[in-house]
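# Understanding the architecture of this molecule
Below are the chains, spelled out letter by letter.
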Amino acid sequence: MNITIIGTGYVGLVSGICFAEFGFNITCVDKEIKKIQKLQDGKIPIYEPGLEVILKRNIDANRITFTTELESAVRSADIVFIAVGTPSRRGDGHADLSFVFSVAKEIAKAINGYTLVVTKSTVPVGTGNQVKQIIEKANYKAEFDIASNPEFLREGSAVEDFMRPDRVVVGVETERAKKMMAALYRPLFLLETPIVYTSLESAELIKYASNAFLAVKISYINQMADLCEKVGANIDDIAKGMGLDKRIGNKFLHTGPGYGGSCFPKDTLALVKTANEYKSEVSIVEQTIKYNDLRKKHMVKKIQSSVDSLSNKNIAILGLSFKPETDDMRESPSIDIINGLLNLNANIFAYDPEAMNEAKKIFSDKINYLQNTQECISGKDILVVLTEWNEFRALSPPEISKLMKGNIVIDLRNIFDSKSMFDAKLEYIPLGKK
Ligand code: NAD
């Protein structure tokens, strides 16, 4: 089967490379020429562990090619995936579907012979039907079906998530489309991965319902951490005690500075917009969005209250990406927190193992960029941990104490052990515990 994937970002690229690894012929399309040239040379434009090795293997096996020519890529395809971005629309929080719709128009012009058009982008309920109408309007002769196949991979473990997902969700309208999707995911079916077939609408909503639920779960444990600080309980113990209950589960129960990334913030907003349009109640999600925004301000206050004044204080920031093992800075909590600290006239010295280039696009020369952890911490008044990269966990408290000028460590990811930090004479301020 020939598969074409339109949009070669985090999702399109991982999907394309992994489908090639399954043995299919893949053409990846993107409108960014530089990205495509890099990929043709076997280099991936993002940081995603393990991806480049699989890419090279599949380029060598002639199973994957990269192009900016959408028309020819669609003509030769049995299945076309739409994997372009669906960011928040400026002003109202709706998902901006302009990229999806413009790709649908281009697909319509190119289709010759039966083609299955699949939305992999996260799109609001009803989008599959709108894509169908766009194609029908632009090319009344087009023979095609629509499917919805939302993606659940996580950046940082995307290859593993794609190859061994908890489930695959497929929204289809015809038997023919179902058979083609079943053939595509056969390698996963052999691993006994559950494949959930639904309507287009249900598939589209499953994605939003899942992401919003996870955002609620994160905010819930963050609120419990706030309460722990007031009543003298320990959030790590609370999370452990809760997580052992199988009905709750231990994932997404780590307190932190608030959720970020390219999905949860925009998807929660878009879900609320959809619910509002249909006059349906989603106040739990609305409160979560509000609390998550406040949380980042609360983190700035926490840092501020560790000293009399932050003015001219030198603050070392460890970690900038929204989570470890990715260079993605989209909606990273570090953006609001660092901007909050800059407004209080602090001097920021930052280090991240992979996200420095992306961070420079956001902060330009407003902050200082250091080459490594030790250089970042050295001589600083305050240390703030914003992302829990493994290499930060390896820092020993005596080493931190020796390198810093001051002794305040604010750990917004709870990666250090309180007692060892106190023993090293550091004023250690974690979340939700002492
Ligand atoms: P991205 O911004 O990294 O990539 C999108 C790509 O589409 C870009 O390379 C862009 O150049 C390309 N593009 C846009 N218009 C195009 C066009 N007309 N023709 C060809 N290429 C075009 O986005 P992403 O993070 O990969 O997300 C894609 C979708 O998948 C979104 O809907 C997102 O919500 C969803 N999703 C993302 C993740 C994630 O972890 N990033 C996880 C699950 C689902």
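Quick caveat: nothing in here was measured; it's all calculated off a predicted structure.

## As for helix 8 (residues 175-184)
Of the positions making up helix 8, those classed as buried are Ala177, Met180, Met181 and Leu184. The buried residues of helix 8 occupy an angular sector of 95° when the element is viewed end-on, so they sit on one face. Across from the buried face of helix 8, at angles greater than 90 degrees, the exposed residues are Glu175 and Lys179.

## Describing the site of the ligand
The environment of the ligand is made up of 27 residues, and the closest members are Asp30, Lys35, Thr86, Glu155 and Lys266. One nitrogen or oxygen atom from the main chain of Lys31 is found 3.3 Å from a nitrogen atom belonging to the ligand. Within the side chain of Glu155, one N or O atom sits 2.8 Å away from a nitrogen atom of the ligand. The set of elements that each furnish at least two residues to the shell around the ligand consists of helix 1 (10-22) and helix 5 (98-110). A total of three residues in the shell around the ligand trace back to one element, the largest contributor, which is helix 5. Looking at the shell around the ligand, its residues break down into nine nonpolar, eight polar and ten charged.

## A word on the pattern of salt bridges
Summed over the entire model, instances satisfying the criterion amount to 20 salt bridges. The closest approach of N and O atoms between Arg75 and Glu71, which form a salt bridge, is 3.3 Å. Residue Arg75 and its partner Glu71 are located together in helix 4 (residues 70-75), separated by four residues, close to a single helical turn. Linking Lys266 and Asp267 is a salt bridge whose minimum nitrogen-to-oxygen distance equals 2.8 Å. Taken individually, Lys266 and Asp267 each receive the classification buried, so the pair is uniform in this respect. A single network of salt bridges, built from pairs that share partners, joins Glu155, Asp328 and Arg330.

## Examining the packing of helix 10 (residues 200-231) against helix 13 (residues 283-304)
In contact at an axis separation of 9 Å, helix 10 and helix 13 are set at 45° when each is read in the N-to-C sense. Between helix 10 and helix 13, the crossing angle belongs to the class labelled oblique. Note that helix 10 runs across helix 13; the crossing there is left-handed. Here helix 10 contributes Ala212, Ala215, Val216, Ser219, Asn222, Gln223, Asp226 and Glu229 to the contact with helix 13, which in turn contributes Ile284, Val285, Thr288, Tyr291, Arg295, His298 and Lys302.

## As for the packing of helix 10 against helix 12 (residues 264-277)
The contact between helix 10 and helix 12 brings their axes to 9 Å, and the two run at 115°. In the packing of helix 10 onto helix 12, the handedness of the crossing is left-handed. Facing Leu205, Lys207, Tyr208, Asn211, Ala212, Leu214, Ala215 and Ile218 of helix 10, the residues of helix 12 in contact are Phe264, Asp267, Thr268, Ala270 and Leu271. For the contact of helix 10 with helix 12, a count of residues per class yields nine nonpolar, two polar and two charged.

## A few points about the side chain of Thr122
Structurally, Thr122 can be placed in the loop between strand 5 (115-119) and helix 6 (127-138). When its relative accessible area of 9% is taken as the criterion, Thr122 is described as buried. Sequence-distant contacts of Thr122, that is, excluding residues within four places in its chain, are made with Thr86, Lys207, Tyr208, Lys266 and Asp267.

## Comments concerning the pairing of strand 7 (residues 168-172)
Counting buried residues in strand 7 gives five out of five residues, a clear majority hidden from the surface. Burial along strand 7 is two-sided: Val168, Val170 and Val172 facing one way and Val169 and Gly171 facing the other are all buried. Here strand 6 (residues 144-148) pairs with strand 7 via two bridges, running antiparallel. Paired with Ala147 across the two strands is Val172, which belongs to strand 7.

## Observations concerning the sheet that holds strand 1 (residues 2-6)
Taken in spatial order, the eight strands line up as 3-2-1-4-5-6-7-8 in an open sheet, and their pairing is mixed. Two strands bound the open sheet, and with one partner strand each, they are strand 3 (64-67) and strand 8 (195-198). With direction set aside, neighbouring strand axes in the sheet form an average angle of 25°. Across four bridges, strand 2 (residues 25-29) lies against strand 3 in parallel orientation. Along strand 3, the bridge assignment pairs Thr27 with Thr65.

## Regarding the environment of Ser148
One can find Ser148 in strand 6. Beyond its immediate stretch of four places on either side in the chain, Ser148 contacts Val118, Thr119, Val169, Val170, Gly171, Leu200, Ala203 and Glu204.

## Re the pairing of strand 12 (residues 382-385)
Of the two faces of strand 12, the one lined by Ile382 and Val384 and the one lined by Leu383 and Val385 are each fully buried. Pairing of strand 9 (residues 314-318) with strand 12, which is carried by four bridges, proceeds in the parallel orientation. Directly across from Ile317, in strand 12, lies its bridge partner Val384. Where strand 12 meets strand 13 (residues 408-411), four bridges bridge the pair, whose relative direction is parallel. If you follow Leu383 over to strand 13, its bridge partner there is Val409.

The rules behind the values
- Residues numbered from 1 in each chain as written.
- Predicted model: local features only at pLDDT ≥ 70, side-chain atom pairs only at ≥ 80, totals over all residues.
- Heavy atoms only, no water.
- Buried < 20%, exposed > 50% of the residue type's maximum accessible area, 1.4 Å probe, protein only.
- Helix = DSSP H or I, 4+ residues; strand = E, 2+ residues; numbered from the N terminus.
- Arc of directions from axis to C-beta.
- Near = heavy atom within 4 Å.
- Polar contact = N/O pair within 3.5 Å; in protein donor to acceptor, adjacent residues only side chain to side chain.
- Nonpolar A, V, L, I, M, F, W, Y, C, P; charged D, E, K, R; others polar.
- Salt bridge = Lys/Arg side-chain N within 4 Å of Asp/Glu carboxyl O.
- Axes fitted to C-alpha atoms, helices over the stretch in contact; angles between N-to-C directions.
- Parallel < 35°, antiparallel > 145°, perpendicular 65-115°, else oblique.
- Left-handed = near helix turned anticlockwise from the far one by under 90°.
- Contact = heavy atoms within 4.5 Å.
- Pairing = 2+ DSSP bridges.

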